[in-house]
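Reading the structure
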Number of protein chains: 4
Amino acid sequence: MRQEYTLFKSRISKLKIGSEVINSAIKVGNHTIGQGQFSIIAGPCAVESKTQINVISQLVKQQGAHLLRAGAFKPRTSPYSFQGLGLEGLQLLKQVKETFNIPIVTEMMNEKEYDIFEEIVDLIQIGSRNMQNFDLLKKVGQGSKPVMLKRGLNATLEEFLLAAEYIVANGNRNIILCERGIRSYDNVTRNVLDLSAVAILKQVTNCPVIVDPSHATGITEIIPTMSLAAKSTGADGIMVEVHHNVKAALSDADQALSPSVFAQLAKAVA
Amino acid sequence: MRQEYTLFKSRISKLKIGSEVINSAIKVGNHTIGQGQFSIIAGPCAVESKTQINVISQLVKQQGAHLLRAGAFKPRTSPYSFQGLGLEGLQLLKQVKETFNIPIVTEMMNEKEYDIFEEIVDLIQIGSRNMQNFDLLKKVGQGSKPVMLKRGLNATLEEFLLAAEYIVANGNRNIILCERGIRSYDNVTRNVLDLSAVAILKQVTNCPVIVDPSHATGITEIIPTMSLAAKSTGADGIMVEVHHNVKAALSDADQALSPSVFAQLAKAVA
Amino acid sequence: MRQEYTLFKSRISKLKIGSEVINSAIKVGNHTIGQGQFSIIAGPCAVESKTQINVISQLVKQQGAHLLRAGAFKPRTSPYSFQGLGLEGLQLLKQVKETFNIPIVTEMMNEKEYDIFEEIVDLIQIGSRNMQNFDLLKKVGQGSKPVMLKRGLNATLEEFLLAAEYIVANGNRNIILCERGIRSYDNVTRNVLDLSAVAILKQVTNCPVIVDPSHATGITEIIPTMSLAAKSTGADGIMVEVHHNVKAALSDADQALSPSVFAQLAKAVA
Amino acid sequence: MRQEYTLFKSRISKLKIGSEVINSAIKVGNHTIGQGQFSIIAGPCAVESKTQINVISQLVKQQGAHLLRAGAFKPRTSPYSFQGLGLEGLQLLKQVKETFNIPIVTEMMNEKEYDIFEEIVDLIQIGSRNMQNFDLLKKVGQGSKPVMLKRGLNATLEEFLLAAEYIVANGNRNIILCERGIRSYDNVTRNVLDLSAVAILKQVTNCPVIVDPSHATGITEIIPTMSLAAKSTGADGIMVEVHHNVKAALSDADQALSPSVFAQLAKAVA
């Protein structure tokens, strides 16, 4: 046994995240993540308009998505990029959730918005850039709303688990981990999807693990294949970007699946 | 000319951070950073007690430090590590600032604390983990208190400058950039100090640039040498960790300089 | 479509490696790699003794391995580590090949040994450290013996394909590409297995692609899982380390599978 | 003291490379590298023609270069790029060496060429791609001709020193280490110049250390600054690319200094 891995497991074994305190099946609205079911989370990068979110929500729901993903608050590298519709976007998500009876996952960037997220959102996403925003982690840890924590762009697995531990240590045991690619030196793919991490996370924690091949690769042509590979490693589901009009998307247009490719993917992983 | 660098410069040239909107000499309490002077920022990783911060403040001030650094709010990888003294630490910093007449730089992790930071602190540090905590950047951007933004652990230079741009775009033109090492594959050093980044930042922005060789290398033996190298690249100063009782430090004990080594270093770079 | 990937594909399309000049099914002794069959290559890191290589060869053959892997010439980081049995090791491989009727893959480090490799070996491995040893590539390119080229430890996909192109450009069209993990910053795994690379290589070349989860992860516990994931991405086979007495292995003891784990793995991927 | 560094030093202390077996001042033709003198190695990426190498040799010699660098055998990523003039290039180097009385450093890629290198060349360069081409290291280790070993593109310091140890273990004690940048995730610079590595190498070995800011950064605008920074870290010299007609260079045109910039640089570091 590799020594570094043995030491890692020994350290992790002292955390709550590796123990049965953590729920391995997590109720997210009317859907359960974990428990042997492979969940499909799909939707656009961002809520752009009432029409857009309605069209896509209906579409992904029909094709088999269990949760709708769409950003209302968007962490954008440049201050001059589209920053999301904010509270207006949340209200649109509330409406499609009711119309299509589909649970909602969306990113929270500021603890000030916790109350409105708790009311509207079914699964609160903490994004990669905020993986070590410890006050944000404490805030969602103090509630009981399920949290999906995305791995930081170059977080070690230990840093990732210790970030999750901030949530558990504050009392919330409904945590889903999300592998979304790590930064590397080759810019052909957006990041490097680290599927070994999924295999390890499934061994050392009780948490469900979701894989995001859209951000990890940025290449629509291989997203279906990588989704199947994620399933082979024991992942509990995938989260993918889908847009009904890919070329018009306001963010991440490169990596969104078209409706027809998504339909095939949803069948393939079912 | 390397094509990627040419394209980078072209994109950066459209930002305010590269223009004369930015102050190149920044008044921090009774000291000016920039303007050809090489600034020395020194102090412990964290405020630990009244005695500790008094002893170290007196010591670094006597040896030539221009600013005192010490963390009150500490972003720690594990929730079970010492998290800093918080507001109590800030009050201790206020007291040593008055006693020793030395400006204070310390990290702000939560926008809720902005008012107390604005009152007590001379230079607000935004740490590496929060480089892309955009709401925090906007908050300090809306004030006029000088901000030192540390480069994220694997931020590209463009991401670093766009994060700084969030501050400028909100109106604050008192920005200091800090290179503190990037993550790499060799664990002999804590990180890799990227001095080429300093040379480039001095070319494409008007901001003062500070180098943190303590976090970048984690090896006390080479910190003095790397401080001199930083000066050679055009850096406007260094920020180093100093502790009067290195073995007893509550955080980052490995990389703190002893008083005598700091004294030599301060002379060498003066 | 991601722009960098589009440009990459456009450049690659001008190479022979992406064209039908390349054989997509490669005869290696009595076995064919490619053509829809999932190949299992197994054996010890190094030939250590006549007994050891006989025991392991019989074992992996019985359990379903199609090729035997074992190093005679070993590229070791330290000059003071076991360097392999060299020519004596090759002769032992020749003997087990005949005894057990199993083709042999082993690493060639020096073009001087080409003739003996051509005589004895069925598939010549060029190791990661030699991926850009261009004279070695030219030498194997001038023959017709099949070559398995391992990706360099931090080679981009384009560098990898251009290295393979050195072989094709010299006339050899029997090339198998091997993904074996890239170096990253987290030492919990030995390297990061880049399965997206496999999906891309299967899109842009005609070559069979083999995955080496032993070197990529270094963690025996996840090697079976990662082998299945490799199959999901379209890989044409795996290469794994197996040892009958793991604790006594002279090299890479950490990552060798025991006979019983290998037996399960071979069934799972069949 | 950082634990990983302490362990590293302990392991290195058992190698010959860290002991007085190694020469700290190395005679290279009529010049000595080490011994407190800062050496300047300059010249084109490749020998392109008799005229080109004569013009540049005269130019760099006049401006203060101590050694001429120029590739005859070029390790190129693509088999379709200019591969160097080979033996013809070596003969041209022999001629300019005699004409201008300047020692020559050039890269050897194949042990078959050792005898001609030993005859003509003053300092044999082993390039980054061949840092772990162990047979090549053994070959140059068996001679007494000085060797400059370049760090691999993502070699740890320990791997770098163990590669050098292959040379020492075979008897050659005239070794110069060259830091030339490590691969990272930001493509604005070609690589990341790791000057901390220089400080550490000067602490743990007796070897002279040369810095190559041309390959490390790929940005001519910052090469002079980074050369000064290299000197500050204790490097024994720099190696830079210079071309009299930068735009017409057959390789690495982006990073070659013009004659006038080189002249300024040579003065600055003298």
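Relevant structure appears above.
Cut-offs used in this document
- Residues numbered from 1 in each chain as written.
- Chains lettered and ligands numbered in written order.
- Predicted model: local features only at pLDDT ≥ 70, side-chain atom pairs only at ≥ 80, totals over all residues.
- Heavy atoms only, no water.
- Helix = DSSP H or I, 4+ residues; strand = E, 2+ residues; numbered from the N terminus.
- Rg over C-alpha atoms; globule rule 2.2 N^0.38 Å.
- Buried < 20%, exposed > 50% of the residue type's maximum accessible area, 1.4 Å probe, protein only.
- Least-squares fit on C-alpha atoms with pLDDT ≥ 70 in both.
- Contact = heavy atoms within 4.5 Å.
- Axes fitted to C-alpha atoms, helices over the stretch in contact; angles between N-to-C directions.
- Parallel < 35°, antiparallel > 145°, perpendicular 65-115°, else oblique.
- Nonpolar A, V, L, I, M, F, W, Y, C, P; charged D, E, K, R; others polar.
- Buried area = accessible area lost by both parts, 1.4 Å probe.
- Salt bridge = Lys/Arg side-chain N within 4 Å of Asp/Glu carboxyl O.
- Polar contact = N/O pair within 3.5 Å; in protein donor to acceptor, adjacent residues only side chain to side chain.
- Pairing = 2+ DSSP bridges.
- Right-handed = clockwise from strand over helix to strand, strands pointing away.
- Left-handed = near helix turned anticlockwise from the far one by under 90°.
- Phe/Tyr/Trp six-rings, centres within 6.5 Å; stacked < 30°, edge-to-face > 60°.
- Lys NZ or Arg CZ within 6 Å of the ring centre and 35° of its normal.
- Disulfide = S-S within 2.5 Å.
- Arc of directions from axis to C-beta.

Moving on, we come to the overall build of chain A. Scanning chain A from N- to C-terminus turns up 10 helices and 10 strands. Its C-alpha radius of gyration of 17 Å places chain A within 12% of the 18 Å reference for a compact globule of 270 residues. In terms of its C-alpha atoms, chain A occupies a principal-axis envelope of roughly 50 × 40 × 35 Å. Burial statistics for chain A: of 270 residues in total, 65% are counted as buried.

Once that is clear, we can look at the relation of the copies chain B and chain D. In the superposition of chain B on chain D (RMSD 0.0 Å, axial shift 0.0 Å), the rotation amounts to 180°. Each copy turns onto its partner about a two-fold axis. Ranked by how close their C-alpha atoms come to the rotation axis, the residues of chain B are headed by B:Ala229, at 2.3 Å. Most of the interface of chain B is mirrored in chain D, where 100% of its interface residues again form contacts.

Right, let's talk about the packing of helix H1 (residues 3–12) of chain B against helix H6 (residues 157–169) of chain B for a bit. Residue and element names in this part refer to chain B. As a packed pair, H1 and H6 sit with axes 11 Å apart at the nearest point and diverge in direction by 5°. Relative to H6, the element H1 lies roughly parallel. Facing Phe8, Arg11 and Ile12 of H1, the residues of H6 in contact are Leu157, Glu158 and Leu161. The residue makeup of the contact of H1 with H6, split by class, is four nonpolar, no polar and two charged.

What follows covers the relation of the copies chain A and chain D. Turning chain A through 180° and shifting it by 0.0 Å along the axis lays it on chain D, with an RMSD of 0.0 Å. A shared binding surface is used by both copies, with 100% of the interface residues of chain A retained as interface residues in chain D.

Glancing now at the interface of chain B and chain D. Often, the extent of an interface is quoted as the loss of accessible area upon association of its parts. Every contact between the two is made by 42 residues of chain B and, on the other side, 42 residues of chain D. Buried surface at the junction of chain B and chain D, both sides included, amounts to about 3500 Å², of which 60% is carbon and sulfur. Sorting the residues of chain B by area buried against chain D places B:Arg2, B:Tyr185 and B:Val188 first, and these three jointly supply 20% of that buried surface. There are two salt bridges connecting chain B and chain D. A salt bridge links D:Lys9 to B:Glu221; its shortest N-O distance comes to 3.0 Å. One can count 11 residue pairs in polar contact (both at pLDDT 80 or more) joining chain B with chain D. Among the secondary structure elements, those contributing two or more residues to the side of chain B that touches chain D are H1, helix H7 (195–204) and helix H9 (223–232) of chain B.

Contacts between the two partners involve four residues from chain A and, on the opposite side, four residues from chain D. Both faces combined, the contact of chain A with chain D buries some 280 Å², and carbon together with sulfur accounts for 64% of it. Summed over the shared surface of chain A and chain D, the result is zero salt bridges. For the pair chain A and chain D, the number of links is zero residue pairs in polar contact (both at pLDDT 80 or more). Its residues assigned to classes, the side of chain A that touches chain D shows one nonpolar, two polar and one charged.

The next subject is the pairing of strand E7 (residues 147–150) of chain D. All names here are of chain D. Here E7 shows two buried faces, one formed by Val147 and Leu149 and the other by Met148 and Lys150. Sheet topology note: the strand E6 (residues 123–126)/E7 ladder contains three bridges and is parallel. The residue bridging isoleucine 124 from the neighbouring strand is valine 147, located in E7. Tracing the backbone out of E6, into helix H5 (residues 134–142) and back to the parallel element E7 gives a crossover that is right-handed. In this sheet, strand E8 (residues 175–179) lies alongside E7 in parallel orientation, the contact comprising four bridges. Bridge pairing in E8 links valine 147 to isoleucine 175. Handedness of the crossover joining E7 and E8 through helix H6 (residues 157–169) is recorded here as right-handed.

Once that is clear, we can look at unusual backbone geometry. Although it is not a glycine, A:Asn101 sits at a positive phi angle of roughly 55°. For A:Asn101, the location among the structural elements is in the loop between helix H3 (87–100) and strand E5 (104–107). Located in the positive-phi region is D:Gln35, a residue other than glycine, with phi close to 60°. Relative to the helices and strands, D:Gln35 is located in the loop between strand E2 (31–34) and strand E3 (39–43). In this structure D:Gln35 comes out as exposed when scored by relative accessible area, which is 65%.

Here the focus is the packing of H5(D) against H6(D). Residue and element names in this part refer to chain D. For the pair H5 and H6, the least separation of the axes is 7 Å and the interaxial angle reads 40°. The angle between H5 and H6 places the two elements in the oblique class. Crossing handedness for the pair H5 and H6: right-handed. When H5 is examined against H6, the residues Phe134, Leu137, Lys138, Val140 and Gly141 are found in contact with a partner set consisting of Ala163, Tyr166 and Ile167. A class-by-class count of the residues in the contact of H5 with H6 yields six nonpolar, one polar and one charged.

Residues and elements named next belong to chain A. One pass over the structure, following the stated rule, counts 12 aromatic pairs over all chains. Ring plane angle 25° and centroid distance 4.4 Å describe the contact between phenylalanine 134 and tyrosine 166, whose orientation is recorded as stacked. Taken together, the residues phenylalanine 134 in helix H5 (residues 134–142) and tyrosine 166 in helix H6 (residues 157–169) connect sequence positions 32 residues apart. Taking the ring centre of phenylalanine 38 as reference, the NZ or CZ of lysine 231 above it sits at 5.4 Å.

We now examine the side chain of A:Arg76. Relative to the helices and strands, A:Arg76 resides in the loop between strand E4 (67–69) and H3. Here A:Arg76 falls in the buried class, since its relative accessible area comes to 18%.

Let's shift gears to H5(A). Looking at H5(A), one finds that the buried residues are A:Phe134, A:Asp135, A:Leu136, A:Leu137, A:Val140 and A:Gly141. If you follow the buried residues of H5(A), they end up packed against helix H4 (114–120), strand E6 (123–126), strand E7 (147–150) and H6 of chain A.

Tracing the chain through its elements places D:Ser81 in the loop between strand E4 (67–69) and helix H3 (87–100). When the C-alpha atoms of D:Ser81 and D:Ile33 are compared, they prove to be 33 Å apart, with 48 residues separating the residues in sequence.

Okay, the state of the cysteines next. All names here are of chain D. One pass over the structure, following the stated rule, counts zero disulfides over all chains. Unpaired in this structure, cysteine 45 has its nearest cysteine sulfur neighbour in cysteine 178, at a distance of 13 Å. A relative accessible area of 7% places cysteine 45 in the buried class. Summary of cysteine pairing: cysteine 178 is not part of a disulfide, and the nearest cysteine sulfur, belonging to cysteine 207, is at 12 Å.

Attention shifts here to the sheet that holds strand E3 (residues 39–43) of chain A. Through backbone hydrogen bonds, the strands of a sheet pair up, either in parallel or in antiparallel fashion. Residues and elements named next belong to chain A. If you trace the eight strands once around the closed barrel, you get E3-E4-E5-E6-E7-E8-E9-E10, paired in parallel fashion. Strand-to-strand twist of the sheet, defined as the mean angle between neighbouring strand axes without regard to direction, takes the value 25°. Where strand E8 (residues 175–179) and strand E9 (residues 209–211) come together, three bridges link them in parallel fashion. If you follow leucine 177 over to E9, its bridge partner there is valine 209. On top of the sheet, H6 reaches E7 and E8; it is set at about 160° to E8, its chief contact.

A separate point is helix H1 (residues 3–12) of chain C. Residue and element names in this part refer to chain C. Among all positions of H1, only Tyr5, Phe8 and Ile12 are buried. Buried residues of H1, viewed axially, fall in a sector of 60°; they line one side. In this structure, the buried residues of H1 make contact with helix H6 (157–169) and helix H7 (195–204).

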